[in-house]
There are 2 protein chains.
Amino acid sequence: MPQPDSLSLTQRLKQAGLRLTAPRKVILRVLDAADDHPDVEELHRRAQALEPGISIATVYRTMNTLAEHGLIERHSFAAGRARYEAQPAEHHDHFINLETGEVVEFRSDEIERIQQDIARAHGFEIVSHRLDIFVRPRR
Amino acid sequence: MPQPDSLSLTQRLKQAGLRLTAPRKVILRVLDAADDHPDVEELHRRAQALEPGISIATVYRTMNTLAEHGLIERHSFAAGRARYEAQPAEHHDHFINLETGEVVEFRSDEIERIQQDIARAHGFEIVSHRLDIFVRPRR
DNA sequence: CACCAATTGCGACAGATTCGCAGTTGAAAC
DNA sequence: GTTTCAACTGCGAATCTGTCGCAATTGGTG
Ligand SMILES: [Mn+2]
Ligand SMILES: [Mn+2]
Ligand SMILES: [Zn+2]
Ligand SMILES: [Zn+2]
């Protein structure tokens, strides 16, 4: 059951009872424009480009707040910095191209279904999951 | 194509051209005895119990070395410390019980196959992957 | 327009892991 | 059995990512 994703990030932020502050306006715009999976430093860089003065601590805190409220997803594909994306309309998993660092999204209803089946067989209920596939181009 | 897993960790260590030092003897024994997914602190604790004086820096370095040579697997189920296990004979994925912290292993040949198919369809070759499923007991 | 809890910027702090370095030691070669 | 020396170790300092305390600011409601 995905959330009402027809709403903009801004609308969802207010709906969650959070304040639409100046830094958040900028960060939400950055997230909305992103078609990749930027880390906090990159988000900060992009936000700074739009509006200098935003603190990186605020980016960190905002990502925490947005994640807690389900407006974004946090990933940790590799060691090091976490990476983020706006909560997608439909769940997907990721290929990480080890040669380029590029991240490609995919989705398999079949895999999703099997996960459910196995979890149920073990007496579990799935809260969340992540499937990260590290790949390289076929030669 | 799994590696020659019939060999003991010790044998594989030597075969990799690594030195079988006193601390490593202990750490390998700890890894071999573990049936769970301990973190560095826990490994250090267990190693200390067998042989006081082993430094945690050595445990860190040893885990890196063993991982580089494919003798162990490193996991990061949650934020915080990484967790380890001896390279299993057969690949498996993990359920993480959010209520107890317990880790349960499972394997689905079907999921593995589908991953291969999708990767191939994208022109990728899989190097590695991880599927972590965070669950709770069904009420 | 006043009010006040939520939010921000800043620098200090924390947790996990890595690193530099001097001393030790496997194990290969005498 | 000795010698030899690069690999390895212990220690503490350093690094890196992320969090926190606090005083100042500010959304948004009345
Ligand atoms: Mn999935
Ligand atoms: Mn798998
Ligand atoms: Zn994605
Ligand atoms: Zn496991």
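Residues numbered from 1 in each chain as written. Chains lettered and ligands numbered in written order. Predicted model: local features only at pLDDT ≥ 70, side-chain atom pairs only at ≥ 80, totals over all residues. Heavy atoms only, no water.

(A) Structural context of the overall build of chain A. When helices and strands are counted, chain A shows five helices and five strands. For chain A, the α and β elements follow one another from N to C terminus as α-α-α-α-β-β-β-β-α-β. If you line up chain A on its principal axes, its C-alpha atoms span 50 × 40 × 25 Å. Out of the 139 residues in chain A, the part that is buried amounts to 41%. Sequence-distant contacts, at least 24 apart, represent 45% of the contacts inside chain A between residues at least 6 apart. (Helix = DSSP H or I, 4+ residues; strand = E, 2+ residues; numbered from the N terminus. Buried < 20%, exposed > 50% of the residue type's maximum accessible area, 1.4 Å probe, protein only. Contact = heavy atoms within 4.5 Å.)

(B) Here's a closer look at the environment of Ala-119 of chain A. The residue Ala-119 of chain A is located in helix H5 (residues 109–121) in this model. Non-local contacts of Ala-119 of chain A, meaning those with residues more than four positions away in its chain, are made with Phe-124 and Ile-126 of chain A together with Phe-95 of chain B.

(C) Region of interest: the relation of the copies chain B and chain A. Of the two same-sequence chains, chain B is brought onto chain A (RMSD 0.2 Å, axial shift 0.0 Å) by a rotation of 179°. When the rotation and shift are considered jointly, the pair of chain copies conforms to a two-fold rotation axis. Distance from the rotation axis, computed per C-alpha, reaches its smallest value in chain B at Leu-131 of chain B: 2.2 Å. Most of the interface of chain B is mirrored in chain A, where 100% of its interface residues again form contacts. (Least-squares fit on C-alpha atoms with pLDDT ≥ 70 in both.)

(D) Here's a closer look at the protein's contact with DNA strand D. Neighbouring DNA strand D are 20 residues, the closest being Arg-81 of chain A together with Thr-21, Arg-24, Thr-58 and Arg-61 of chain B. Within the side chain of Arg-19 of chain A, an N or O atom sits 2.7 Å from a base nitrogen of DNA strand D. By residue number, the principal contributor to the surface near DNA strand D is helix H4 (residues 56–68) of chain A, which donates four residues. Its residues assigned to classes, the surface near DNA strand D shows eight nonpolar, five polar and seven charged. (Near = heavy atom within 4 Å. Polar contact = N/O pair within 3.5 Å; in protein donor to acceptor, adjacent residues only side chain to side chain. Nonpolar A, V, L, I, M, F, W, Y, C, P; charged D, E, K, R; others polar.)

(E) Spatial organisation of the protein's contact with DNA strand C. Surveying the vicinity of DNA strand C reveals 21 residues, the closest of which are Thr-21, Arg-24, Thr-58 and Arg-61 of chain A together with Arg-81 of chain B. When the atoms of DNA strand C within 4 Å of the protein are grouped by moiety, sugar and phosphate amount to 67% of the total. In this structure, a base nitrogen belonging to DNA strand C sits 2.9 Å away from a side-chain N or O atom of Arg-19 of chain A. Within the contact set of DNA strand C, a phosphate oxygen lies 3.0 Å away from a backbone nitrogen or oxygen of Leu-20 of chain B.

(F) The arrangement of the pairing of strand S3 (residues 93–97) of chain A in detail. All names here are of chain A. A large share of S3 lies buried, amounting to five of its five residues. Side-chain alternation along S3 places Asp-93, Phe-95 and Asn-97 on one buried face and His-94 and Ile-96 on a second face that is also buried. In textbook terms, the turn of a hairpin is the stretch between consecutive antiparallel strands, and for S3 and strand S4 (residues 103–106) this stretch comprises five residues, one of which, Gly-101, has a positive phi near 80°. Of the pairings in the sheet, the one linking S3 to strand S5 (residues 124–137) comprises four bridges and is parallel in character. (Pairing = 2+ DSSP bridges.)

(G) Fine view of the interface of chain B and chain A. Taken together, the contact pairs 35 residues of chain B with 35 residues of chain A. Surface buried jointly by chain B and chain A totals about 3200 Å² across both partners, of which 63% is contributed by carbon and sulfur atoms. Counting across the chain B and chain A interface gives six salt bridges. Here Glu-125 of chain A ties to Arg-136 of chain B by a salt bridge, and the two come within 3.9 Å at their closest N and O atoms. Listing elements by their share of the side of chain B that touches chain A, those giving two or more residues are strand S3 (93–97), strand S4 (103–106), helix H5 (109–121) and strand S5 (124–137) of chain B. Broken down by element, the residue count for the side of chain B that touches chain A peaks at 14 residues, all from S5 of chain B. Looking at the side of chain B that touches chain A residue by residue, the classes come out as 17 nonpolar, eight polar and 10 charged. Where S5 of chain A lies against S5 of chain B, 13 bridges are found, and the strand directions are antiparallel. Bridge assignment links Pro-137 of chain A to a residue of S5 of chain B, and that residue is Phe-124 of chain B. (Buried area = accessible area lost by both parts, 1.4 Å probe. Salt bridge = Lys/Arg side-chain N within 4 Å of Asp/Glu carboxyl O.)

(H) Summary view of the coordination of the zinc ion (ligand 4). All names here are of chain B. Distances from the zinc ion (ligand 4) to its protein donors, His-37 (NE2), Glu-85 (OE), Glu-85 (OE), His-92 (NE2), His-94 (NE2) and Glu-105 (OE), fall at 2.1 to 2.6 Å. Because the angles between the six donor atoms bound to the zinc ion (ligand 4) fall within 53 to 165°, the donor set is best described as irregular. The motif formed by the donor residues of the zinc ion (ligand 4), counted along the single chain, is H-x47-E-x6-H-x1-H-x10-E. An identical accessibility class is assigned to Glu-85 and His-92; each is buried. (Donors = N, O, S within 2.8 Å, 3.2 Å for Na, K, Ca; no water. Tetrahedral: all angles 85-135°; square planar, octahedral: opposite > 155°, others 65-115°.)

(I) The coordination of the manganese ion (ligand 1), seen in detail. At this site the manganese ion (ligand 1) is bound by His-91 of chain A (NE2), Asp-93 of chain A (OD), Asp-93 of chain A (OD), Glu-112 of chain A (OE) and His-129 of chain A (NE2), with donor distances of 2.1 to 2.6 Å. A residue is classified by how much of its surface remains accessible, and Asp-93 of chain A, at 3% relative accessible area, is buried.

(J) Seen up close, the pairing of S3 of chain B. Pairing between S3 of chain B and S4 of chain B: four bridges, direction antiparallel. Counterpart to His-94 of chain B in the pairing with S4 of chain B is Glu-105 of chain B.

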